[in-house]
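Reading the structure
Now for the letters of each chain:
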Amino acid sequence: MRLSIKMYLIIFISASVILYQYHLSNAWLISQNSQEFHVLNPKTNEKLRNVSLFNITSSISNSTRPTTPCFQELEDVLPPLYVITPTYRRPEQLAELTRLSHTLMLVKNVFWIVVEDATSKTPLVGELLKKTGLKYEHLIAPMPEQYRKKKKGPKPRGVSNRNRGLQWIRQNAKTGVLYFADDDNTYDLQLFAEIRYTKRVSMFPVGLITKLGVSSPIVRNGRFSGFYDGWVAGRKFPVDMAGFAVSVEFLLKRPKALMPFKPGFEEDGFLKSLEPFEPQDIELLASNCTKILVWHTQTKKNEPSQPLDFAKYNNTNLVMLKQILV
Ligand code: UGA
Ligand code: MN
C-alpha cells in the first residue's frame, strides 16, 4: 500500500516536470519568433510566425518540402526571383539542366524561365521542368539564321533566348528581380538570397573568368572604384553575364532595354541599354564583393553519341536510352 502511494507521488512529480518543461519550450519558441520577425509589419509578422511554427512541426513529421497554403504564404512575402536560362540541345544539356534545377529547387519564390535556342521545344526538357515542381515557363527563341550560319568567329550565344525571357518578364512580371543564369554555371544559394533585394542593378564577383580567375567590381574603402576583368575591350561594364541582377521595376521603366547580338559585348550592351544607369549606381553584394557566390564552370564538350546498332539491340533498354542522348 505504502509503495503504491510512493509510486503515485513519483508519477505526479514527473508529470509536473514534463508539463513545466513543455510550457517553457513553447514560451521560448514564441519569443524566438518575435525576435526574428520584429522588423516586419504586424500582419506579415503573424503570417511568418504561423509558418515558422508550422515548419518546425512539419520538419519533425515530414522531411520533404511542405506545400501547404501556409508555406506558400511565406513564399508570397518574398520578392519573386525570375531566373532566365538560355539553353540548347547538345550532349550535356540534360545534365546541366538537372544540376541547375536542383539548385533552384532549394530557392524560395523563384520563377524559372527556360528558353531553348531551338525551333521547337525539346520534350525531354519539358519533362525535366515538370518534374522539378518549380514555377516555370518553357519558351523557344532560335538564334537568327544570319548568326547561326556564321562560319568564322564567335556567335551571339544565348542572346535571342535572353531577349525572349525579357519579353516574357515585360508581359508578366511587375515586381521582383531578374537574373541571367546560364545552364552550365555553379550557383551558391546565398547568391539568390542576396540578389532578391536588388533595387536597381546589383553586382558581385564571378569565379573562373579568364586567366585572372575572377571578374568583379573593384571595391576600395567600401566604395565602387572600377572593374577587374581579364577582357575589358573598351567596355563600360566589363562584367560577366552571371555577375549582375536587375530589379524588374527598374527594367520595366526602361522599355528599350535589350541585349545586342554582339559576341563578347552582350553584357555591356544590355547594361548600357538600362540608361540612365551608371557604374556608381551599382549595388555591391557578396560582402562588398569579397565572396564568390557564382562560378563560371564550363563542362567538357562531349561528342554526340554514336549510332546504335538497332538490328543487334532491338528489344533492349538501349533503344530507350538512345532516345535520351544527343
Ligand atoms: C560566356 C558568358 O558567360 C555568357 O554569359 C555569354 O553568353 C557567352 O560567353 C558569350 O558571350 O558567348 P560561355 O560559357 O563561353 O559564356 O558560353 P556558353 O555557356 O556556351 O553559352 C552561354 C549560354 O547560352 C548557355 O546557357 C548556353 O546554354 C546558351 N547557348 C549557347 C545557346 O542558347 N545557344 C548556343 O548556340 C550556345
Ligand atoms: Mn558557360
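Located above this text is the structure these notes cover.
Values in this document were obtained by computation on a predicted structure and should not be read as measured data.

Rules and cut-offs
- Residues numbered from 1 in each chain as written.
- Chains lettered and ligands numbered in written order.
- Predicted model: local features only at pLDDT ≥ 70, side-chain atom pairs only at ≥ 80, totals over all residues.
- Heavy atoms only, no water.
- Helix = DSSP H or I, 4+ residues; strand = E, 2+ residues; numbered from the N terminus.
- Buried < 20%, exposed > 50% of the residue type's maximum accessible area, 1.4 Å probe, protein only.
- Contact = heavy atoms within 4.5 Å.
- Areas by Shrake-Rupley, 256 points an atom, 1.4 Å probe, with all protein chains shown as cover.
- Phe/Tyr/Trp six-rings, centres within 6.5 Å; stacked < 30°, edge-to-face > 60°.
- Lys NZ or Arg CZ within 6 Å of the ring centre and 35° of its normal.
- Pairing = 2+ DSSP bridges.
- Near = heavy atom within 4 Å.
- Polar contact = N/O pair within 3.5 Å; in protein donor to acceptor, adjacent residues only side chain to side chain.
- Nonpolar A, V, L, I, M, F, W, Y, C, P; charged D, E, K, R; others polar.
- Axes fitted to C-alpha atoms, helices over the stretch in contact; angles between N-to-C directions.
- Expected span 1.5 Å × (residues − 1).
- Salt bridge = Lys/Arg side-chain N within 4 Å of Asp/Glu carboxyl O.
- Parallel < 35°, antiparallel > 145°, perpendicular 65-115°, else oblique.
- Left-handed = near helix turned anticlockwise from the far one by under 90°.
- Patch = residues over 30% accessible without salt bridge, like charges linked within 9 Å, V, L, I, M, F, W, Y side chains within 5 Å.
- Donors = N, O, S within 2.8 Å, 3.2 Å for Na, K, Ca; no water.

**Overview of the overall build of the chain**
- Looking only at helices and strands, the chain has 13 helices and 12 strands in total.
- Considering the chain as a whole, with its 326 residues, one finds that 42% of them fall into the buried category.
- For the chain, contacts bridging at least 24 residues in sequence account for 70% of all contacts bridging at least 6.
- Total accessible area computed for the chain in this model is approximately 19,300 Å², and 59% of it derives from carbon and sulfur atoms.

**Re the packing of aromatic side chains**
- Using the criterion set out here, one finds 16 aromatic pairs in the structure.
- With centroids separated by 6.1 Å and ring planes inclined at 55°, the aromatic side chains of Tyr82 and Trp168 adopt a geometry described as tilted. Highlighted residues: Tyr82 in strand E1 (residues 81-87) and Trp168 in helix H7 (residues 159-172), separated in sequence by 86 residues.
- We classify Trp168 as buried; its relative accessible area is 9%.
- Members of the aromatic cluster, joined through ring pairs, are Phe224, Phe227, Phe237, Phe250 and Phe277.
- Between the NZ or CZ atom of Arg254 and the centre of the ring of Phe250, over which it lies, the distance is 3.6 Å.

**Remarks on the pairing of strand E9 (residues 223-228)**
- Pairing of strand E8 (residues 214-220) with E9 involves four bridges; the strand directions are antiparallel. Across the sheet, the residue bridging to Pro217 is Phe227, located in E9.

**Comments concerning the site of ligand 1**
- Near ligand 1 lie 18 residues; those nearest to it are Pro86, Asp117, Arg157, Asp240 and Met241.
- Arg157 is positioned such that a nitrogen or oxygen atom in its side chain is 2.8 Å from an oxygen atom of ligand 1.
- A distance of 2.9 Å separates an oxygen atom of ligand 1 from a polar atom in the side chain of Asp184.
- Starting from 680 Å² of accessible surface for ligand 1 in isolation, the protein chains cover 89%.
- Elements supplying a minimum of two residues to the shell around ligand 1: E1 and H7.
- Here the residues of the shell around ligand 1 sort into four nonpolar, five polar and nine charged.

**Some words on the sheet that holds strand E10 (residues 244-247)**
- Taken in spatial order, the seven strands of this open sheet run E3-E2-E1-E4-E10-E6-E11, and their pairing is mixed. Each end of this open sheet is capped by a strand with a single partner; those strands are strand E3 (135-140) and strand E11 (283-284).
- For strand E2 (residues 110-116) and E3, the ladder comprises six bridges, and the chain directions are parallel. Note on E3: the bridge partner recorded for Val114 is His138.
- Its contacts with the sheet put helix H4 (residues 93-104) on E1 and E2, and the angle it makes with E2 is roughly 165°.
- Strands in contact with H7 are E1, E2, E3 and strand E4 (177-180); relative to E1, the strand with the most contacts, it is inclined by about 150°.

**Description of H7**
- Between its terminal C-alpha atoms H7 stretches 20 Å, which fits the 20 Å expected from 14 residues at 1.5 Å a residue.
- Every buried residue of H7 is listed here: Val159, Ser160, Asn161, Arg162, Asn163, Gly165, Leu166, Trp168 and Ile169.

**Examining the pattern of salt bridges**
- The tally for this structure, following the rule as stated, stands at nine salt bridges.
- Arg90 serves as the salt-bridge partner of Asp183, at 3.0 Å between the closest nitrogen and oxygen. One end of the pair, Asp183, is in the loop between E4 and strand E5 (186-187); the other, Arg90, is in the loop between E1 and H4, with 93 residues separating them in the sequence.
- Given a relative accessible area of 5%, Asp183 falls into the buried group.
- One salt bridge connects Lys236 with Glu278, and the closest N-O pair in it is separated by 3.2 Å. Taken together, the residues Lys236 in the loop between E9 and E10 and Glu278 in the loop between helix H10 (266-272) and E11 connect sequence positions 42 residues apart.

**Here we look at the packing of H4 against helix H5 (residues 123-132)**
- Relative orientation of the contacting elements H4 and H5 amounts to 15°, with a least axis distance of 11 Å. Here H4 lies roughly parallel to H5, going by the angle between them. The two elements H4 and H5 cross, and the hand of that crossing is right-handed. Of H5, the residues touching H4 (which contributes Gln93, Leu94, Leu97, Thr98 and Ser101) are Leu124, Val125, Leu128 and Thr132.
- Class assignment for the residues of the contact of H4 with H5 results in five nonpolar, four polar and no charged.

**Some points on a nonpolar patch on the surface**
- A surface patch of nonpolar side chains, amounting to about 340 Å² of accessible area, comprises Leu9, Phe12 and Ile13.
- Here Ile13 lies in helix H1 (residues 2-36).

**Digging into the coordination of the manganese ion (ligand 2)**
- Distances from the manganese ion (ligand 2) to its protein donors, namely Asp184 (OD) and Asp184 (OD), fall within the range 2.1 to 2.8 Å.
- By secondary structure assignment, the location of Asp184 is in the loop between E4 and E5.

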